[in-house]
Amino acid sequence: MKIGFGCDHVAIELKNTLIEHLKSKGYECIDYGAFDPAVKVNYPEKGQQVAEALIRGEIDKGVLICGTGIGISLAANKVPGIRAAVCSEPYSAKLTVEHNNANIIAMGARVVGPELAKMIVDEFFAAEFQGGRHAMRVDMITAIEKKYSK
């Protein structure tokens, strides 16, 4: 599985930790930056970049990190077809895949530490969409998205 990573300047260290963690588990990781903590990077740009890479099929899922995970996920969710969820603990990371078919996990470098972040991504990537009644709800979300897309 190919995983795309994106972050702003405050989250580079956590991003690098998670890339190494997931590489050790056999995932292919593509790093869309940021790369230098001295160079300010606006989180909406990275959220959009990873989301668009996912929609183009360059990656299978994404990991986004900013200070809280909120802003970067909001940006990613503006791209049609993206279901990015901010998670600060493993249980929600698992359920957002099982129930919402989330394709991007987002988190905050100022919210979670590296060990908790590893547990979050492990649950996210181990989970599988359950379909069934959840598929109907994901379809409802997609219908809302289509209603407001041009």
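Rules used throughout
Residues numbered from 1 in each chain as written. Predicted model: local features only at pLDDT ≥ 70, side-chain atom pairs only at ≥ 80, totals over all residues. Heavy atoms only, no water. Helix = DSSP H or I, 4+ residues; strand = E, 2+ residues; numbered from the N terminus. Rg over C-alpha atoms; globule rule 2.2 N^0.38 Å. Buried < 20%, exposed > 50% of the residue type's maximum accessible area, 1.4 Å probe, protein only. Contact = heavy atoms within 4.5 Å. Areas by Shrake-Rupley, 256 points an atom, 1.4 Å probe, with all protein chains shown as cover. Phe/Tyr/Trp six-rings, centres within 6.5 Å; stacked < 30°, edge-to-face > 60°. Pairing = 2+ DSSP bridges. Axes fitted to C-alpha atoms, helices over the stretch in contact; angles between N-to-C directions.

**Quick notes on the overall build of the protein chain**
Right, so step 1: On a plain count of helices and strands, the protein chain comes out with six helices and five strands.
Right, so step 2: Put simply, the protein chain runs from its N terminus to its C terminus through helices and strands in the order β-α-β-α-β-α-β-α-β-α-α.
Right, so step 3: For 150 residues, the compact-globule estimate of 2.2 N^0.38 gives 15 Å, and the C-alpha radius of gyration of the protein chain, at 14 Å, lies within 12% of that figure.
Right, so step 4: In terms of principal-axis extent, the alpha carbons of the protein chain reach across some 45 × 30 × 25 Å.
Right, so step 5: The 150 residues of the protein chain split such that 46% are buried.
Right, so step 6: For the protein chain, the proportion of contacts with a sequence separation of at least 24, taken over those separated by at least 6, is 70%.
Right, so step 7: Surface exposure of the protein chain reaches about 7,800 Å², of which carbon and sulfur atoms provide 53%.

**Side note on the packing of aromatic side chains**
Right, so step 1: Tallying each qualifying case throughout the model produces two aromatic pairs.
Right, so step 2: With 5.4 Å between their ring centres and 45° between their planes, Y27 and F125 make a pair best called tilted. Remark: F125 occurs in helix α5 (residues 114–126) and Y27 occurs in the loop between α1 (12–24) and β2 (28–31); sequence separation between them is 98 residues.
Right, so step 3: What makes F125 buried here is its relative accessible area of 8%.

**Examining the sheet that holds β2**
Right, so step 1: Judged by pairing direction, the sheet is parallel, and its five strands sit side by side in the order β2-β1-β3-β5-β4 without closing on themselves. The outermost strands of the open sheet, each flanked by one partner alone, are β2 and β4 (84–86). In this sheet, neighbouring strand axes are inclined to one another by 25° on average, regardless of whether the strands run parallel or antiparallel.
Right, so step 2: Taken together, the three bridges between β4 and strand β5 (residues 104–108) define a ladder with parallel strand orientation. The residue bridging A84 from the neighbouring strand is I104, located in β5.
Right, so step 3: Set on the sheet, α5 makes contact with β1 (2–7), β3 (61–66) and β5; between it and β5 the angle comes to about 165°.

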